[in-house]
Structure formats: C-alpha cells, structure tokens
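# Observations on the three-dimensional arrangement
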Amino acid sequence: MAKVLTVGEILVEIVATTKGSGFLEAQPLIGPFPSGAPAIFIDQVGKLGTPCAILGRVGGDDFGQLNLDRLRADGVDVSGVEIAHGETTGSAFVRYREDGSRVFVFNIANAACGTLPATPNGRAVMESCTHMHVMGTALSAPGLAERAMEAIAVVKGNGGTLSFDPNLRPEILGTPGLREALDEVLAQTDLFLPSGDEIFLFTKARTEAEAVAELLARGVGEIVIKRGAEGASHFNAAGRTEAAPIAVEEIDPTGAGDCFGGAFVSFWVNGADPASALAHANAAGARAVTQLGPMEGTSTLAELASLLSASETA
Ligand code: ADP
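Numbering of residues starts from 1 in every chain and runs along the sequence as written. Only residues with pLDDT of at least 70 get local features here, since the model is predicted, and only at 80 or more are side-chain atom pairs given and counted; chain-wide, interface and lining totals rely on the full set of residues. To obtain the side-chain values, all non-hydrogen atoms of the structure were used and water was disregarded.

### With respect to the site of the ligand
The full set close to the ligand counts 17 residues, and Ser195, Gly228, Gly231, Glu250 and Asn282 are the nearest of them. Pairs of N or O atoms are called polar contacts if they sit within 3.5 Å, as long as, within protein, a hydrogen donor faces a hydrogen acceptor (for residues adjacent in sequence, only side-chain-to-side-chain pairs). Contacts to the ligand include Asn282, whose side-chain N or O atom sits 2.6 Å from an oxygen atom. A run of H or I in DSSP becomes a helix once it reaches four residues, and a run of E becomes a strand once it reaches two; helices and strands are each numbered from the N terminus. For the shell around the ligand, the secondary structure elements donating two or more residues are helix H7 (256-269) and helix H8 (274-288). Ten residues, namely Ala, Val, Leu, Ile, Met, Phe, Trp, Tyr, Cys and Pro, are considered nonpolar, four, namely Asp, Glu, Lys and Arg, are considered charged, and the remaining ones, Gly among them, are considered polar. By residue class, the composition of the shell around the ligand is eight nonpolar, six polar and three charged. We call a residue near a molecule or strand whenever a single non-hydrogen atom of that residue lies within 4 Å of it.

### Description of a nonpolar patch on the surface
Like-charged residues are merged into a patch within 9 Å and nonpolar side chains (Val, Leu, Ile, Met, Phe, Trp, Tyr) within 5 Å, provided each residue has over 30% relative accessible area and no salt bridge. Using a 1.4 Å probe, the Shrake-Rupley method yields the accessible areas, and only the shown protein chains count as cover for residues. One side-chain nitrogen of Lys or Arg within 4 Å of one carboxyl oxygen of Asp or Glu is enough to make a salt bridge. A cluster of nonpolar side chains, contributed by Ile30, Ile251 and Leu292, occupies part of the molecular surface with about 210 Å² of accessible area. Within the secondary structure, Ile251 is located in the loop between strand E15 (239-243) and H7. Taking relative accessible area as the criterion, Ile251 reaches 41% and is therefore assigned partly exposed. To sort residues, take the accessible area from a 1.4 Å probe on protein chains only and compare it with the maximum for the residue type: under 20% means buried, over 50% means exposed, and anything in between is partly exposed.

### A word on helix H2 (residues 62-73)
To estimate how far a helix should extend, the number of its residues minus one is multiplied by 1.5 Å. Here H2 contains twelve residues, and its C-alpha end-to-end distance of 16 Å stays within 8% of the 16 Å for a straight helix at 1.5 Å per residue. Buried within H2 are the following residues: Gly64, Asn67, Leu68 and Leu71. Buried residues of H2, viewed axially, fall in a sector of 95°; they line one side. For H2, exposure combined with an orientation more than 90 degrees from the buried face picks out Asp62 and Ala73. Positive phi appears at Gly75, one or two residues downstream of H2, with a value of about 95°. Throughout, the arc means the angular range of directions from the helix axis out to the C-beta atoms.

### Some details on the UniProt feature "domain: Carbohydrate kinase PfkB" (unreviewed entry) in the protein chain
UniProt positions are given in the numbering used here, feature names are shortened, and annotations may be inferred rather than shown by experiment. The sites that carry the UniProt feature "domain: Carbohydrate kinase PfkB" (unreviewed entry) are, in the present numbering, residues 1-298. Helix makes up 32% of residues 1-298 and strand 23%, whereas the separation of the span's terminal C-alpha atoms amounts to 23 Å.

### Section: the side chain of Lys226
Within the secondary structure, Lys226 is located in strand E13 (residues 222-226). On the accessibility criterion, Lys226 (8% relative accessible area) is buried. In this structure the side chain of Lys226 is engaged in a polar contact, spanning 3.2 Å, whose partner is the side chain of Ser195.

### Thoughts on the pattern of salt bridges
Pairs may arise between side chains of opposite charge once their charged atoms sit close together. With the rule as written, the count across this model stands at 17 salt bridges. Ionic pairing is found between Arg70 and Glu296, a salt bridge with its closest N-O pair at 3.1 Å. Here Glu296 lies in the loop between H8 and helix H9 (301-313) and Arg70 lies in helix H2, a separation of 226 residues in the sequence. Among the residues examined, Arg70 registers a relative accessible area of 24% and is labelled partly exposed.

### As for the sheet that holds strand E9 (residues 102-107)
Two modes of strand pairing occur in sheets, parallel and antiparallel, and in both the strands are linked by backbone hydrogen bonds. In spatial order, the strands read E3-E2-E8-E9; together these four strands make up an open sheet with mixed pairing. Of all the strands in the sheet, just strand E3 (29-35) and E9 have a single pairing partner and so form its edges. Direction aside, neighbouring strands of the sheet carry axes that sit 20° apart on average. Pairing between strands is defined by DSSP: at least two bridges between them are needed. As paired strands, strand E2 (residues 11-16) and E3 are joined by five bridges and run antiparallel to one another. Among the inter-strand pairings, Ala16 is bridged to a residue of E3, identified as Leu29. Whether two residues are in contact is decided by their heavy atoms, any of which lying within 4.5 Å being enough. For every element, the axis is a line fit to its C-alpha atoms; helices are fit only across the contacting stretch, and the angle between N-to-C directions ranges from 0 to 180 degrees. Against the sheet, H2 touches E2 and E3, its axis set at about 55° to E3.

### Focus: the environment of Ala84
With respect to the helices, strands and loops of the structure, Ala84 is situated in strand E7 (residues 82-84). Note on Ala84: relative accessible area 4%, which makes it buried. Expressed as a C-alpha distance, the spacing of Ala84 and His280, which sit 196 residues apart in the sequence, is 36 Å. With sequence-adjacent residues up to four places away left out, Ala84 is seen in contact with Arg57, Val58, Gly59, Gly60 and Ala112.

### Things to note about the packing of aromatic side chains
For Phe, Tyr and Trp, rings pair up if their centres lie within 6.5 Å, where Trp contributes its six-membered ring, and each pair is then called stacked (planes under 30 degrees apart), edge-to-face (over 60) or tilted (otherwise). Taken as a whole, this structure holds five aromatic pairs when the rule is applied. Taken together, a centroid distance of 6.4 Å and an interplanar angle of 85° make the contact between Phe23 and Phe93 edge-to-face. Taken as a pair, Phe23 in the loop between E2 and E3 and Phe93 in strand E8 (residues 90-96) lie far apart in primary sequence, 70 residues in all. The class for Phe23 is partly exposed, based on a relative accessible area of 26%. On the basis of an interplanar angle of 35° and a centroid distance of 5.5 Å, the ring pair of Phe164 and Phe192 is categorised as tilted.

### Notes on the environment of Cys113
With respect to the element layout, Cys113 can be found in the loop between E9 and helix H3 (120-127). The exposure class of Cys113 is buried, given its relative accessible area of 2%. Each C-alpha atom of the pair Cys113 and Glu87 lies 9.5 Å from the other, and the pair is 26 residues apart in sequence. Setting aside residues up to four positions removed in sequence, Cys113 forms contacts with Glu9, Ile10, Leu11, Arg57, Gly90, Ile108 and Leu144.

As structure tokens, then:
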C-alpha cells in the first residue's frame, strides 16, 4: 500500500485579525494554528485516509504538542518527529496588507525546525514509505536539506516515487546551495507541482507551453501548475487537462497550495486518473482559502465531494 512521506518545517502560525501595513503597532492576534508547508501538505494527505508520515523537529513546548496532536488526529505517522526539549517550536506571524498581500515574521532558522539530525526512527520511517514529497523550504536549510535528500534517496532507491512542490518564497531564493539542490531534485521528479511562474525558475523557455514540453522531455512524468483563483492545469505525455476555479469566498489564502498538493498526491499514489486527482485537488485548494488558519482548511473526502457536487450544480 502507498505511504507518503514529507520532510520539513512544523510551525505555529499567529495571524493578525486586522489588515494593515505590518507589525509596527499592537493589534489583536489569533492563533496559534498548526502550520508549516510540509505539515499542512501531510495533514491533507492524512485527512484523505492515505497512509503518511512527516519527519521534522518541534520544541518541547505547547506549540510542538499542538502540532503533534493535530497531525496524529488526522492520521499522520509522527513517530519520526523529534521533540527537542529545551528548544522552541518554529513560528510565523502573518498580517495581511489592504491589497491582500502578506507580511510575515518568521522564527524558523534558529528554532527547533531549523535542523534535522539523522535518527534511527527517522530512517525507519523513510524505509516504510513508497512516495516522497519535497518542498523548496525543506531544501533551504542545510540540516533539513540533508535529511530531505536522504529521504529521496531511500524512497526512490526502494522503487518509490517523488513529487516536488518548489514553494519558493522570495526570502529563501538566495540560500547558498539551493539552486543545485533544486536541480538535483527536479532530475528525479515524477510529479512536479509549481505555482504560477515558478516553472520558469527551472528552464530558460519563454512560454509556459515550451517550459512544460521541455520538462516532460527532460523526464518529469507529470506537471501540475497551480494558478490561485484561476484554477489549475495538468500536463503529461497524453496532453493537458484543465480545472476551472471553484467560486468560493477567500478568507485566508495561506496553505491553499499545500492542501492542493496533498490532495493531488493522495489521489495520484492511489492510482486515480489525472482528471480526478486534479478535480479533487482544485476543490481542496478552493476549500482551503475559505478557512482562517493555514491547516484549518484541510479537507476530508466527504468535504471535497460536497464542494465538487455543489460547484457542478451551480
Ligand atoms: P500556492 O499557495 O502554492 O501559491 P495557489 O495559490 O495557486 O497555491 O493555490 C493552489 C490551488 O488552490 C489553485 O491552483 C486552485 O486550484 C485553488 N485555489 C487557490 N485560491 C483559490 C481561490 N481564491 N478560488 C478558488 N480556488 C483557489
């Protein structure tokens, strides 16, 4: 049976309840919410009932416990998550500007999630998985990147598959060694899930169609492009499939791409056809933006089915 693995940061997120320019004055905050792109991704996989695990590190504090409790409740194997007593769980504070863009204050690099030493537990979890999902943020911290690369080698070495969501926030793009790591990962990728224009970070092609054709020719099996409120597209050797956006009220866009990815990968590893995986992932991304809090918008199969049937009859 398929089992999905990811490696990376497990955080809490604290969200300002008012829009504004930033965090320069006192304001009402809400949270903590469980968060971290890989954690949201794997929570979505778990909620859909697909066996899955995450490797990461939390502090021996309430923020770490909050995450472990949520992930466990949603079916994620957290036996490889290290609890670093005496350290602090990573955090992100987010405030929305009037135009909808976000201002983040992160505590990641110097928190428990900033590193991930090798452990026997972690290795056992890697050996138990058949699919690895890697995100750009996991490749941007030296300690984490080493573990992510090890997980890719173990899972692929055992005959498993790899999906890759670049998820490249501007502040990590200049990380030394990141470019090489991204290229090394892409060369082994079976399923590539970039957002918007991210595909152009991996090719010199001028148009999206040329970029897709080039990456398919370079051996990437399938490509899914996430387009925010414009839906998503899937490409493979057989052609192109589109998912039109589902009309929803956007409350909080954080986590939409991770929920989309978790749903797509969950269907994909279980052998669903691309159109079904894409439709369910599109619904997962749409549902995610309707909930305040990054991991609060992960969906069950029943919730996706209900949104899909409502959108078909709308
Ligand atoms: P990322 O967070 O990786 O940039 P996107 O913002 O592109 O990801 O969102 C992922 C997917 O979620 C989109 O491709 C789409 O399917 C869905 N989605 C995101 N925002 C909306 C929205 N406002 N309305 C409907 N669907 C959305």
